[in-house]
Amino acid sequence: MTATLIRNGRVITASDDYTADVLMEDGVVKAIGTQLAVGPDVAVVDATGLYVLPGGVDTHVHMENIVGPTVTCDTFASGTKAAAFGGTTTVVDFALQTPQDSPLEAIARAQRSAEPQVNIDYSLHCIVTRVDKQVLADVRHAQRHEGVTSFKMFMAYPGVMMADDAAIFQMLRQVGADGGMVALHAENGTVIDLLIKEALEAGHTAPRYHASTRPALMEGEATHRGIRLAELAEAPIYFVHVSSNQALKHIVQARDEGIPVFAETCPHYLLFDDSVYDSDDFNIAKYVMTPPLRKPDDQKHLWRALRYDDLQVVATDHCPFCMKEGHRGFFNQKPAGQGDFSKIPNGAPGIETRLVSLYDIGVTQGQLSLNRFVQLTATTPAKLFGLFPKKGTIAVGSDADIVLFNPAVRQTIHAHTLHSHCDYTLLEGRTLQGRVEKVFLRGTLIVDGEQWLGREGMGRFVPRGEVRAF
Ligand code: DUC
Ligand code: ZN
Ligand code: ZN
C-alpha cells in the first residue's frame, strides 16, 4: 500500500469549495474529511493556504503529430512532462488515419509511440479523413473495444485532411448512436484555399496573410453547417478551437434550440487579439495558428460564453513548432514558411501555461469563479470525452490526480524554464498570478516545485466510455 494524506488544503471541484484532508491510497482517493487520522506509514503533505484541484484534463494536444512535411516538436515524453508541470495529468492526443491505413492501425501506431514515453495518463481521438464501410466498421470497433470514443474531422485543408459533408454526416450518425463524439474543425476549406492562392498571387507572402485568408465568417459558415449535420444525424457535436463570435453565435443559437452542441476555446484566443498581425515581420509566424487570433470584440463574446456555459472547455490545442530551424533537431518548422505564409506549420505551444494563464486572466480578474475554472479545465472535458468520474474531479474512488496550486505567488513565464521542446512561448516575459506547486498522478508525486519526480512510461492509456453531456 502507498498512501499520502494532503492535509488542510482548500478542495475545489466543479461544484464544491471547502477545507479538508484528502487521503490517497493505491492510486485513488480513499477518503476526504477533516482531521483524518492516519498511521505513521502514511506520508503527510501540508496544503495549508493551497488550492487542492483535480488534475487538469487537456483534451486537445498534438505530440509527435505529422503535419505535411513536418512534425510537432514535442515528443510524448517532453509534451507530457510539460503538461505535468502545468498541472495537467491527462491529455487526449490524436491518432491520424493516413490514406493508407485504417483508424485501428492509426490508433495502434500512436499507442506504440506514446506508451514508453508518456509521463501522465493519456487517450487518443482518432482523426478520420476518409469514410467508407470498412472505416465505419473500424470506428465502431474502436468505440466498443479500444476505448477510443471520439473522432476528429476537418472541414478545412482540402486534399489533405478535409472530409466532405456526407462523410461527416455518416460519422456523426454512427458515432453519436454508439455514444461517442465527433469533434469538428470548422472552417470552409475550399474558400480559404482560394483566398490563400489569390493572396500569394498578389505577392502577399508574409505571415500576417495567414490571418486575413482565414476569415471569421468562414469559421461561422462551417460551424453552422456542422450544427445542421449534427441536427440531422441526431448526434452530439463538439467544436474544437472556437475563436470567433461568428462561430459562437451559431453555437449559442443551437444550444437554445436544444441541439447537443459543445465547444472549446483555447487560452491564446483569450490572451491575444489580431493586432499582433499588424506587421510584415516573420516573427509573427509564432502567432500562426488555425483559426487565427480574432478581434477584441470576439474575446468579449468568448468570455461571456465561458461564463454562461455556451463554451464548456478550455483546451490548449498545444501544437508546437519551433521558430528556429533545427532547434533540438526539428526541421521544417516555422521558417519553412519564409517567403510563403501558407507553408508555415499552423500551431502554437501552450500546454504548460493553460491553468496558470486561465487562473490569472480568468479567476483573478473576476471573469470566472474557481468552480467554473475547474469545470472548464478538468471536469467537463472529462465528462464530454468519457473520462469522468475516473478523471476530472476529486471524489472517493476517483484517480488520485491532484494539483496543489498556490494562488498567492506570482511567476514570470520564459520559454527556457518551461519543459516543452518548443523554443518560444506566446507568454514570454509575462508575469502571472498563481503557481502549480505539486502534482500527483494516481497518488504518486511527480512534480514538486521545480523538481521532476516522474518517469517516462508511467502514464497509462485510459480507455474511455460514453459521452456524458448532461
Ligand atoms: N487544427 C488543430 O486543431 N490544430 C492545429 C492546426 C489545425 O488546423
Ligand atoms: Zn483544427
Ligand atoms: Zn489541434
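Small disclaimer: the values here were computed from a predicted structure and weren't measured.

Scoring rules and cut-offs
- Residues numbered from 1 in each chain as written.
- Chains lettered and ligands numbered in written order.
- Predicted model: local features only at pLDDT ≥ 70, side-chain atom pairs only at ≥ 80, totals over all residues.
- Heavy atoms only, no water.
- Helix = DSSP H or I, 4+ residues; strand = E, 2+ residues; numbered from the N terminus.
- Rg over C-alpha atoms; globule rule 2.2 N^0.38 Å.
- Buried < 20%, exposed > 50% of the residue type's maximum accessible area, 1.4 Å probe, protein only.
- Contact = heavy atoms within 4.5 Å.
- Lys, Arg positive; Asp, Glu negative; His and termini not counted.
- Charge placed at Lys NZ, Arg CZ, Asp CG, Glu CD.
- Near = heavy atom within 4 Å.
- Polar contact = N/O pair within 3.5 Å; in protein donor to acceptor, adjacent residues only side chain to side chain.
- Areas by Shrake-Rupley, 256 points an atom, 1.4 Å probe, with all protein chains shown as cover.
- Nonpolar A, V, L, I, M, F, W, Y, C, P; charged D, E, K, R; others polar.
- Donors = N, O, S within 2.8 Å, 3.2 Å for Na, K, Ca; no water.
- Phe/Tyr/Trp six-rings, centres within 6.5 Å; stacked < 30°, edge-to-face > 60°.
- Core = buried A, V, L, I, M, F, W, Y, C linked by side-chain atoms within 4.5 Å.

**Student:** Any details on the overall build of the protein chain? Residues and values, ideally.
**Tutor:** Secondary structure summary: the protein chain contains 12 helices and 19 strands in total. For the protein chain, whose C-alpha radius of gyration is 21 Å, the value lies close to the compact-globule estimate of 23 Å for 470 residues. With the C-alpha coordinates of the protein chain rotated into their principal frame, the extents come out at 70 × 45 × 40 Å. Scored against the burial criterion, the 470 residues of the protein chain give a buried share of 62%. At a minimum sequence separation of 6, the contacts of the protein chain that also span at least 24 residues come to 76%. Taking the average location of the 43 positive side-chain charges in the protein chain and that of its 55 negative ones, the two points are 1 Å from each other.

**Student:** Lay out the site of ligand 1 in plain terms, naming residues and giving numbers.
**Tutor:** Near ligand 1, the surroundings consist of His60, His62, Lys152, Tyr157, His185, His241, Thr290, Asp317, Cys319 and Asn346. Separating a nitrogen atom of ligand 1 from a side-chain N or O atom of His62 is a distance of 3.2 Å. Within the complex, 93% of the 240 Å² of free accessible area of ligand 1 lies under protein. When the residues that make up the shell around ligand 1 are grouped by side-chain class, the tally is 2 nonpolar, 6 polar and 2 charged.

**Student:** Describe the coordination of the zinc ion (ligand 3), and please don't skip the residues or the numbers.
**Tutor:** Each protein donor to the zinc ion (ligand 3) is listed here as His60 (NE2), His62 (NE2) and Asp317 (OD); together their distances run 1.9 to 2.1 Å. Taken in chain order, the donor set of the zinc ion (ligand 3) reads H-x1-H-x254-D. A separation of 4.5 Å is found between the zinc ion (ligand 3) and the zinc ion (ligand 2). A residue pair is termed long-range when its members are at least 10 positions apart, and His60 in the loop between strand E6 (56-58) and strand E7 (66-67) and Asp317 in the loop between strand E15 (313-314) and helix H11 (354-364) qualify at 257 residues.

**Student:** So what about the side chain of His250? Which residues, and what values?
**Tutor:** Structurally, the position occupied by His250 is in helix H8 (residues 245-256). Taking the relative accessible area as the measure of exposure, His250 reaches 18% and is therefore buried.

**Student:** Got a sec to walk through the coordination of the zinc ion (ligand 2)? Specific residues and values, please.
**Tutor:** Protein coordination of the zinc ion (ligand 2) is provided by Lys152 (NZ), His185 (ND1) and His241 (NE2), with donor distances spanning 2.1 to 2.6 Å. Here the donor residues of the zinc ion (ligand 2) share one chain and are spaced in sequence as K-x32-H-x55-H.

**Student:** Any details on the packing of aromatic side chains? Residues and values, ideally.
**Tutor:** By the definition in use, this model includes 10 aromatic pairs. Aromatic side chains Tyr51 and Tyr359 sit 6.2 Å apart centroid to centroid with 65° between the ring planes, which places their arrangement in the edge-to-face category. Placement of Tyr51 in strand E5 (residues 51-54) and of Tyr359 in helix H11 is noted, with a sequence separation of 308 residues between them. Note on accessibility: Tyr51 and Tyr359 belong to one class, buried. Relative to Trp452, the ring of Phe85 has its centre 5.6 Å away and its plane inclined at 35°; by these criteria the two rings are tilted. One end of the pair, Phe85, is in helix H1 (residues 76-85); the other, Trp452, is in strand E19 (residues 451-452), and 367 residues separate them in sequence. We classify Phe85 as buried; its relative accessible area is 9%. Judged by its relative accessible area of 22%, Trp452 is partly exposed. Three or more aromatic residues joined by ring pairs make a cluster, and in this case those are Tyr51, Tyr359, Phe373 and Phe405.

**Student:** Lay out the side chain of Thr213 with the relevant residues and their values.
**Tutor:** Assignment of secondary structure puts Thr213 in the loop between helix H6 (208-212) and helix H7 (216-233). In terms of polar contacts, Thr213 uses its side chain to reach the backbone carbonyl oxygen of Tyr209, at 2.7 Å. The residues contacting Thr213, other than those within four sequence positions of it, are Ile192, Leu195, Ile196, Ala199 and Phe341.

**Student:** Can you lay out the nonpolar core for me, pointing to particular residues and giving the numbers?
**Tutor:** If you look at the biggest cluster of nonpolar residues, it comprises 117 residues, and the most contacted ones within it are Phe151, Met153, Met171, Leu172, Phe239, Val242 and Phe373. With residues up to four places along the chain from it excluded, the contact list for Val242 reads Glu219, Ala247, Leu248, Ile251, Ala263, Glu264, Thr265, Tyr269, Leu302 and Leu311. With 15 residues, the next largest nonpolar core counts Val22, Val45, Ile394 and Ile402 among its residues.

**Student:** I'd like to hear about H11, residue by residue, with values.
**Tutor:** Burial analysis of H11 places 10 of its 11 residues in the buried class, the great majority of the element. All of the buried residues in H11 are Arg354, Leu355, Val356, Ser357, Leu358, Tyr359, Asp360, Ile361, Gly362 and Val363. One or two positions beyond H11, positive phi appears at Gly366, with a value near 80°.

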